[in-house]
Amino acid sequence: MPAHLPAERILLDTDVLVVGGGPAGASVGYWLAQAGHHVTVVEKRPVPRHKACGDALTPRALRELALLDVDPLALGGHRLNGVRMVHGAREATVPWPEHADIPSHAVALRRDVLDTELRRHATEAGAQVLMGHEATGPIVERGFVRGAGMAADSELAAGLPRVESVRSRFLVVADGANSSFGRALGTTRHRNWPYGIATRTYFDSPRSSESWIESILGIPDAAGNPIAGYGWVIPLGDGTLNVGVAVLSTYRDVRGVNALKLLEKFTHRIAERWEIDPSAKLKAPTRFRIPLGGSVGPKMGPTFLVAGDAAGLANPFNGDGVDAALMSGRLAAEVLDEALTTGNSTTLQRYPTVLNDAVGQFHKVGRLSARFLGRPMVLRPALRLGLHSDRAMGAILRIAANELRDQRPGGAERTYAIANTISKFAPNW
């Protein structure tokens, strides 16, 4: 904010108001400011706070960050060379796939560090970023959203301006998976589409410098049945591990799964291997729900767009949402740039189409797979078949990470092609 603004409550006008200052919102802010538009990003937290997340930036996320000129390794991130997949006594260490335009590594970086850097980039590009301001509800005129009322957090430093409202030509909803602002505009999750239930915590470990994510598949529920989901251990390179579990809502007995108890059992299971003390959690476990595979809609209105987790864009195979948040923010900015430049608001109608072109079919295949893998009678043989060789595990990683190759197609590409064909004749699950 300019230094000369008074400390009393003020009103702002802007071309685009972005509700939420995470990866999706900061991406929108950066790209619109780069294009020369006046954009205001509001984030309800007054200071950076760590978010419930696995802290792993996939190769696709790194590609999006490179477009923003953000290098997570330069921010203290820890390089991850691939995934060690474990099921029972079987394990294989699988490098990230080689791809023509996607990095062949990932990076572990805590979300508070990432989000702070993304907001800094947006600010340096010319966006106005207001921390500690929560959009309480839309300003609607003649049926069109024209901004939002604001509530300033009491933790804001004395003398900083408290913005009472922000009026705008257009608005982007990017306030995360629980998107209260999106719900105020009528967004809802498709109830029969999958979502993920996850919980995670942190531990000290002398193995924090390892360069491989560990993904444990088919972890058992209380009855010993394999769960449609996985447990993860992500070394952060700073002496700590991010440890968590995730369960698909399509799992047949999901109502009987207590995610916190599942995490407790999982941490005891990996304790010796990773040299952790299960009773010495560094943070209280955080439980969160993740809408997957484009499951929230509508993704646009006459004067607003919805991006990131607020649009349910997380990967339906692994629950990762950062790369989709960055990508959808970039696409939303492209559409809004055209609308602002031409003065034609109907351009916003292109947004669902460009999103669908980018990830729509991948999401449908993922939703279909989640529905089948939620059944133990399907999951057991799928695990045995899929994890019988290093090559098969590599194919699984390539599909789950959405890194299929146009050149040199292999088993992953052939398997995905079959699933893709089936999905075209399946209901829109």
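Note that the coordinates shown come from a computational prediction; the quantities given were computed from them, not determined experimentally.

Visitor: Can you help me understand empty space enclosed by the protein in this one?
Guide: Unoccupied space between atoms shows up once a probe the size of one water molecule is rolled over them. Considering all chains together, one arrives at one cavity of 30 Å³ or more under this definition. Estimated volume of the largest cavity: approximately 40 Å³. Along the walls of the largest cavity sit T58, R60, N315, N318, D320, D323, A400 and A401, which together make up its complete lining. Here the lining of the largest cavity is built from residues that sort into two nonpolar, three polar and three charged.

Visitor: Before we go on, may I ask you to explain the confidence of the model for the chain in this structure?
Guide: Within the chain, residue pLDDT values average 88, and 88% of them lie at 70 or more. The model gives residues 1-8 a pLDDT under 50, and that stretch makes 12 contacts with residues more than four places away or in other chains.

Visitor: Please explain the layout of surface pockets as it appears in this structure.
Guide: For the second largest pocket, the calculated volume is near 420 Å³. Along the walls of the second largest pocket sit 21 residues, with R60, A358, V359, F362 and N402 positioned nearest its centre. Only α2 (59-67), α6 (322-342) and α7 (351-373) provide two or more residues apiece to the lining of the second largest pocket. For the lining of the second largest pocket, the element with the most residues is α7, which contributes eight residues. Within the lining of the second largest pocket, the residues separate by chemical class into nine nonpolar, six polar and six charged.

Visitor: Just to check I follow, could you spell out the sheet that holds strand β16 (residues 240-248) for this structure?
Guide: As a general point, the strands of a sheet are linked pairwise by backbone hydrogen bonds and lie either parallel or antiparallel. As summarised here, the arrangement of the seven strands in space is β6-β5-β14-β15-β16-β13-β17, forming an open sheet in which the pairing is mixed. The outermost strands of the open sheet, each flanked by one partner alone, are β6 (90-95) and β17 (286-291). Across the sheet, the mean angle separating the axes of adjacent strands is 20 degrees when strand polarity is ignored. Sheet topology places strand β14 (residues 212-217) next to strand β15 (residues 229-235); four bridges connect them, and they run antiparallel. Counterpart to L217 in the pairing with β15 is Y230. On the sheet, helix α5 (residues 259-274) packs against β5 (82-87), β6, β13 (195-204), β14, β15, β16 and β17 and is oriented at approximately 135 degrees with respect to β16.

Visitor: What should I look at first to understand the packing of helix α1 (residues 23-34) against helix α3 (residues 111-125) in this one?
Guide: When two helices pack together, their arrangement is given by the angle between the helix axes and by the axis-to-axis distance. Where α1 meets α3, the closest approach of the two axes is 8 Å, and the angle between their N-to-C directions is 20 degrees. By the angle between their directions, the pair α1 and α3 is classed as roughly parallel. For the pair α1 and α3, the crossing hand works out as left-handed. In this structure, α1 uses P23, A26, G29, Y30, A33 and Q34 to contact α3, whose residues at the interface are R111, D115, L118, R119, H121, A122 and A125. Residue composition of the contact of α1 with α3, by class: seven nonpolar, three polar and three charged.

Visitor: What is the right way to read unusual backbone geometry from this model?
Guide: Most peptide bonds take the trans form, and the phi angle of most residues other than glycine is negative. The residue after G297, namely P298, is reached through a cis peptide bond having omega 0 degrees. Mapped onto the fold, P298 is located in the loop between β18 (296-297) and β19 (300-301). Notably, D69 is not glycine yet its phi reads approximately 60 degrees, a positive angle. Along the chain, D69 turns up in the loop between α2 and β4 (78-80). On the basis of relative accessible area, D69 is assigned to the exposed category, the value being 61%. For R142, which is not glycine, the phi dihedral falls at a positive 55 degrees. Overall, R142 belongs to the exposed group, its relative accessible area being 84%.

Visitor: I keep staring at the environment of E64 and nothing clicks. Help me out?
Guide: Within the secondary structure, E64 is located in helix α2. Assessed through its relative accessible area of 6%, E64 is described here as buried. Separated by 37 residues in sequence, E64 and S27 place their C-alpha atoms 9.4 Å apart.

Visitor: Explanation requested: α7 in the structure shown.
Guide: Because an α-helix completes one turn every 3.6 residues, residues spaced three or four positions apart along the sequence face the same direction. The terminal C-alpha atoms of α7 lie 31 Å apart, and with 23 residues this matches the ideal 33 Å at 1.5 Å per residue to within 8%. The sharpest bend along α7 reaches about 60 degrees and sits at V359. Looking only at α7, the buried set comprises Y351, L355, V359, G360, F362, H363, K364, V365, G366, R367, L368 and A370.

Visitor: Whenever I open this one, the packing of aromatic side chains confuses me. Can you help?
Guide: Each aromatic ring pair is characterised by the separation of its centres together with the angle its planes make. Under the criterion given, the structure shown has three aromatic pairs. Centre to centre, the rings of Y230 and W232 are 5.9 Å apart; their planes meet at 50 degrees, and the pair counts as tilted. For the pair Y230 and W232, one class covers both residues: buried. For the pair F317 and F362, a centre-to-centre distance of 5.3 Å together with 40 degrees between the ring planes defines the contact as tilted. Of this pair, F317 sits in the loop between β20 (304-306) and α6 while F362 sits in helix α7; the two residues are 45 residues apart in sequence, bridging distant segments of the chain. Judged by relative accessible area, which is 27%, F317 ranks as partly exposed. Among the residues examined, F362 registers a relative accessible area of 7% and is labelled buried. A cation sits over an aromatic face here: R110 above Y202, 4.5 Å from the ring centre.

Rules used in this analysis
- Residues numbered from 1 in each chain as written.
- Predicted model: local features only at pLDDT ≥ 70, side-chain atom pairs only at ≥ 80, totals over all residues.
- Heavy atoms only, no water.
- 1 Å grid on protein atoms, 1.4 Å probe; cavity = no way out; pocket = protein on both sides within 12 Å on 5 of 7 lines; lining within 4 Å.
- Points joined across faces, edges and corners; volume = space filled by probe spheres on them.
- Nonpolar A, V, L, I, M, F, W, Y, C, P; charged D, E, K, R; others polar.
- pLDDT = per-residue confidence, 0-100.
- Contact = heavy atoms within 4.5 Å.
- Helix = DSSP H or I, 4+ residues; strand = E, 2+ residues; numbered from the N terminus.
- Pairing = 2+ DSSP bridges.
- Axes fitted to C-alpha atoms, helices over the stretch in contact; angles between N-to-C directions.
- Parallel < 35°, antiparallel > 145°, perpendicular 65-115°, else oblique.
- Left-handed = near helix turned anticlockwise from the far one by under 90°.
- Buried < 20%, exposed > 50% of the residue type's maximum accessible area, 1.4 Å probe, protein only.
- Expected span 1.5 Å × (residues − 1).
- Bend = angle between axes of the 7 residues up to and from the residue.
- Phe/Tyr/Trp six-rings, centres within 6.5 Å; stacked < 30°, edge-to-face > 60°.
- Lys NZ or Arg CZ within 6 Å of the ring centre and 35° of its normal.

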